[in-house]
Amino acid sequence: MFEGYTEASATIDGVRIHAVKGGRGPALLLLHGHPQTHAIWHKVAPALARHFTVIAADLRGYGDSGKPQGAEDHSNYSKRRMALDQVELMRRHGHESFALLGHDRGGRVAARMAIDHPDAVTRLVTLDVAPTAAMYEQTTFDFARAYWHWFFLIQSPPLPETLIRADPDLYLKQTIGARSAGLKPFTPEAYAAYLRCLSDPATAHGICEDYRASVTIDLEHDRADLAAGKQIACPFLALWGAHGVVGKCFDPLAEWSKWSANVQGNALPCGHYIPEEAPELLLERVLPFLQR
């Protein structure tokens, strides 16, 4: 799916971070969401590689990256820790600064990275995500019903892990396949990659720890930074799907404006999985922004 890309993995603080690398030019890091892998970018990777040195990575806990046992306070799955993984990965490849494109969970990691490492992130794009605290604090019946996994995955182990491991294909279909576009956006190759990784028993724990961190230590970090007036300083583009839950239940641009004086954005005519549902529209929107 990534013709011309090469292996670019590295071990960061004892955890292997899997990545592939392709193209030439300024550095661009791509971060995926739940319950996927870097394969989400396969439809846009060729075009991006014509303009950038692209590194598409798997977050810790996902894909072929390491999946350590979660700490008692979930700190080793905090977005702060995940962001540091990726900053160190980019440094291993000689990139002290880079543009950043993150979907879903990857968007949360990307936003945290822009706050914690302002000298590293030159431009930020998030896809179909609003700030974590805003989404939890403004939860409605419609949001809870659509994003049931937010509340399932945070339950104490081993309950969610056990249920996911019992039928990873069913879990995958009930998450990515239950959104507005169904399973149509996902090529057989991409779906197979997602299922292969989700079938690793360790992945169930990794994704649960990601969400357990979001409802605990990540909220602590976000609330402390908001209270301290910390901001995302780099140019920031927030995009979301007009047919997705985030755009229907929240005002992403208004919420991100609390974190950035430089944010702009709009909805695209698609659902949640923008890189696979609307790759051409995504490229039309992000390339001019990233190349400024």
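Residues numbered from 1 in each chain as written. Predicted model: local features only at pLDDT ≥ 70, side-chain atom pairs only at ≥ 80, totals over all residues. Heavy atoms only, no water.

### Concerning the overall build of the chain
Argument step 1. Helix and strand counts for the chain come out as 15 helices and 10 strands.
Argument step 2. Its C-alpha radius of gyration of 17 Å places the chain within 12% of the 19 Å reference for a compact globule of 292 residues.
Argument step 3. With the principal axes as the frame, the chain shows a C-alpha extent of 45 × 40 × 40 Å.
Argument step 4. Sorting the 292 residues of the chain into buried and exposed places 60% on the buried side.
Argument step 5. Taking as baseline every contact in the chain between residues at least 6 positions apart, the subset at least 24 positions apart corresponds to 76%.
Argument step 6. Carbon and sulfur atoms form 53% of the exposed surface of the chain, whose accessible area is close to 11,100 Å².
Argument step 7. On the chain, the mean spot of the 29 positive side-chain charges and the mean spot of the 33 negative ones are 3 Å from each other. (Helix = DSSP H or I, 4+ residues; strand = E, 2+ residues; numbered from the N terminus. Rg over C-alpha atoms; globule rule 2.2 N^0.38 Å. Buried < 20%, exposed > 50% of the residue type's maximum accessible area, 1.4 Å probe, protein only. Contact = heavy atoms within 4.5 Å. Areas by Shrake-Rupley, 256 points an atom, 1.4 Å probe, with all protein chains shown as cover. Lys, Arg positive; Asp, Glu negative; His and termini not counted. Charge placed at Lys NZ, Arg CZ, Asp CG, Glu CD.)

### So, the packing of helix α3 (residues 105–116) against helix α11 (residues 217–228)
Argument step 1. Close contact between α3 and α11 brings their axes to 12 Å; oriented N to C, the two are set at 45°. In terms of orientation, α3 lies oblique with respect to α11. Where α3 crosses over α11, the handedness of that crossing is left-handed. Contacts between α3 and α11 involve Arg 112, Ile 115 and Asp 116 from the former and His 221, Asp 222 and Asp 225 from the latter.
Argument step 2. Here the residues of the contact of α3 with α11 sort into 1 nonpolar, 1 polar and 4 charged. (Axes fitted to C-alpha atoms, helices over the stretch in contact; angles between N-to-C directions. Parallel < 35°, antiparallel > 145°, perpendicular 65-115°, else oblique. Left-handed = near helix turned anticlockwise from the far one by under 90°. Nonpolar A, V, L, I, M, F, W, Y, C, P; charged D, E, K, R; others polar.)

### Notes on the environment of Thr 216
Argument step 1. The topology assignment puts Thr 216 in the loop between α10 (201–214) and α11.
Argument step 2. Note: C-alpha distance between Thr 216 and Leu 281 (65 residues apart in sequence) is 35 Å.
Argument step 3. Setting aside residues no more than four positions away along its own chain, Thr 216 makes contact with Asp 73 and His 74.

### What about the packing of aromatic side chains?
Argument step 1. This structure, assessed with the given rule, holds 13 aromatic pairs.
Argument step 2. Note on Trp 148 and Tyr 171: the rings are 6.1 Å apart at their centroids and 85° apart in plane angle, and the pair reads as edge-to-face. With Trp 148 in the loop between α5 (141–146) and α6 (149–152) and Tyr 171 in helix α8 (residues 168–175), this residue pair connects regions lying 23 residues apart in the sequence.
Argument step 3. What makes Trp 148 partly exposed here is its relative accessible area of 32%.
Argument step 4. Classification of Tyr 171 by relative accessible area gives buried; the value is 7%.
Argument step 5. Seen in terms of ring centroids, Phe 186 and Tyr 273 are 5.2 Å apart; in terms of plane orientation they differ by 75°. Their pairing is edge-to-face. (Phe/Tyr/Trp six-rings, centres within 6.5 Å; stacked < 30°, edge-to-face > 60°.)

### Here's the deal with the packing of α8 against helix α9 (residues 188–198)
Argument step 1. Contact geometry of α8 with α9 gives a least axis separation of 9 Å together with a crossing angle of 130°. Viewed along their axes, α8 and α9 adopt a mutual orientation that is oblique. The handedness of the crossing between α8 and α9 comes out as right-handed. Judged by residue contacts, Pro 168, Asp 169, Tyr 171, Leu 172 and Lys 173 of α8 engage Tyr 191, Tyr 194, Leu 195 and Leu 198 from α9.
Argument step 2. Its residues placed into classes, the contact of α8 with α9 shows 7 nonpolar, no polar and 2 charged.

### Let's talk about the sheet that holds strand β9 (residues 236–241)
Argument step 1. Reading across from one edge, β1-β4-β6-β5-β7-β8-β9-β10 is the order of the 8 strands in this open sheet, with mixed pairing throughout. Only two strands of the sheet have a single partner each, and these edge strands are β1 (6–7) and β10 (263–268).
Argument step 2. Where β9 meets β10, 6 bridges bridge the pair, whose relative direction is parallel. Considered in β10, the bridge of Phe 236 is made with Val 263.
Argument step 3. Contacts from α3 reach β5 (27–31), β7 (98–103) and β8 (121–127) within the one sheet, and its direction differs from that of β7 by about 145°. (Pairing = 2+ DSSP bridges.)

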